[in-house]
Amino acid sequence: VWHDNMIPFENANISEVARTLESLYNMKVIIEPGLDLTTTYSGYIQRKENIDSVLDLLRNTIPMDYVVKDNVIYLRSPR
(Lines give C-alpha, C1' and ligand atoms only; values in the text may rest on other atoms or scores of the structure.)
Protein backbone atom coordinates (compact mmCIF):
# COMPACT_ATOMS: atom_id res chain seq x y z
CA VAL A 1 0.00 0.00 0.00
CA TRP A 2 2.79 2.44 0.87
CA HIS A 3 4.32 2.07 -2.60
CA ASP A 4 1.01 3.27 -4.11
CA ASN A 5 1.20 6.47 -2.00
CA MET A 6 -1.65 5.26 0.17
CA ILE A 7 -1.63 5.72 3.93
CA PRO A 8 -3.30 2.78 5.69
CA PHE A 9 -5.10 3.05 9.02
CA GLU A 10 -6.52 0.07 10.87
CA ASN A 11 -8.41 0.67 14.10
CA ALA A 12 -6.42 3.88 14.59
CA ASN A 13 -7.61 6.56 16.97
CA ILE A 14 -6.96 10.24 16.36
CA SER A 15 -3.68 10.08 18.33
CA GLU A 16 -2.34 7.34 16.07
CA VAL A 17 -3.44 9.25 12.97
CA ALA A 18 -1.65 12.33 14.32
CA ARG A 19 1.60 10.38 14.89
CA THR A 20 1.46 9.06 11.33
CA LEU A 21 0.99 12.58 9.94
CA GLU A 22 3.87 13.87 12.06
CA SER A 23 6.13 11.16 10.68
CA LEU A 24 5.12 11.53 7.03
CA TYR A 25 5.01 15.31 6.83
CA ASN A 26 7.67 16.23 9.40
CA MET A 27 5.24 18.49 11.24
CA LYS A 28 4.12 18.68 14.86
CA VAL A 29 0.46 17.75 15.47
CA ILE A 30 -1.33 19.06 18.54
CA ILE A 31 -4.67 17.54 19.48
CA GLU A 32 -6.75 20.13 21.25
CA PRO A 33 -9.11 19.13 24.10
CA GLY A 34 -12.57 18.08 23.02
CA LEU A 35 -11.67 15.63 20.26
CA ASP A 36 -12.84 12.05 20.76
CA LEU A 37 -9.75 9.95 21.42
CA THR A 38 -11.61 6.65 21.77
CA THR A 39 -13.21 6.19 18.35
CA THR A 40 -11.07 4.26 15.87
CA TYR A 41 -10.91 4.51 12.11
CA SER A 42 -9.85 2.08 9.40
CA GLY A 43 -9.18 2.71 5.74
CA TYR A 44 -6.77 4.29 3.32
CA ILE A 45 -6.12 7.84 2.25
CA GLN A 46 -3.97 8.99 -0.61
CA ARG A 47 -0.73 10.62 0.40
CA LYS A 48 -0.51 14.12 -1.08
CA GLU A 49 2.30 16.64 -1.22
CA ASN A 50 0.10 19.22 0.44
CA ILE A 51 -0.86 18.42 4.04
CA ASP A 52 -4.05 20.46 3.69
CA SER A 53 -5.28 18.02 1.04
CA VAL A 54 -4.72 15.08 3.36
CA LEU A 55 -6.39 16.86 6.28
CA ASP A 56 -9.38 17.70 4.09
CA LEU A 57 -9.72 14.00 3.22
CA LEU A 58 -9.50 13.03 6.88
CA ARG A 59 -12.06 15.66 7.84
CA ASN A 60 -14.58 13.87 5.60
CA THR A 61 -14.35 10.83 7.90
CA ILE A 62 -13.22 12.11 11.29
CA PRO A 63 -15.36 14.76 12.97
CA MET A 64 -12.62 17.37 13.34
CA ASP A 65 -11.38 20.68 12.11
CA TYR A 66 -7.80 21.82 11.73
CA VAL A 67 -5.51 24.82 11.51
CA VAL A 68 -1.97 24.73 10.12
CA LYS A 69 0.30 27.45 11.47
CA ASP A 70 4.09 27.70 11.56
CA ASN A 71 4.65 24.02 10.66
CA VAL A 72 2.24 22.90 13.42
CA ILE A 73 -1.11 21.20 12.80
CA TYR A 74 -3.79 21.86 15.39
CA LEU A 75 -6.60 19.29 15.36
CA ARG A 76 -9.76 20.49 17.10
CA SER A 77 -13.45 19.81 17.44
CA PRO A 78 -15.52 20.93 14.47
CA ARG A 79 -17.20 24.30 14.85
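Heads up: these notes are all about the structure in this document.

Thresholds applied
Residues numbered from 1 in each chain as written. Predicted model: local features only at pLDDT ≥ 70, side-chain atom pairs only at ≥ 80, totals over all residues. Heavy atoms only, no water. Pairing = 2+ DSSP bridges. Helix = DSSP H or I, 4+ residues; strand = E, 2+ residues; numbered from the N terminus. Axes fitted to C-alpha atoms, helices over the stretch in contact; angles between N-to-C directions. Contact = heavy atoms within 4.5 Å.

### Focus on the sheet that holds strand 2 (residues 28-31)
With mixed pairing, three strands are arranged side by side in an open sheet as 2-5-4. Unpaired on one side and paired on the other, strand 2 and strand 4 (65-69) mark the two borders of the sheet. Averaged over all neighbouring strand pairs, the angle between strand axes comes to 20°, with direction disregarded. When strand 2 meets strand 5 (residues 72-76), the two strands line up parallel, connected through four bridges. In the strand pairing of strand 5, valine 29 is matched with isoleucine 73. Taken strand by strand, helix 1 (residues 14-25) contacts strand 2 and strand 5, and its axis lies near 160° from that of strand 2. Against the sheet, helix 2 (residues 51-59) makes contact with strand 4 and strand 5, and its axis sits at roughly 170° relative to strand 4, the strand it touches most.

Any functional reading would require information beyond the geometric quantities listed.
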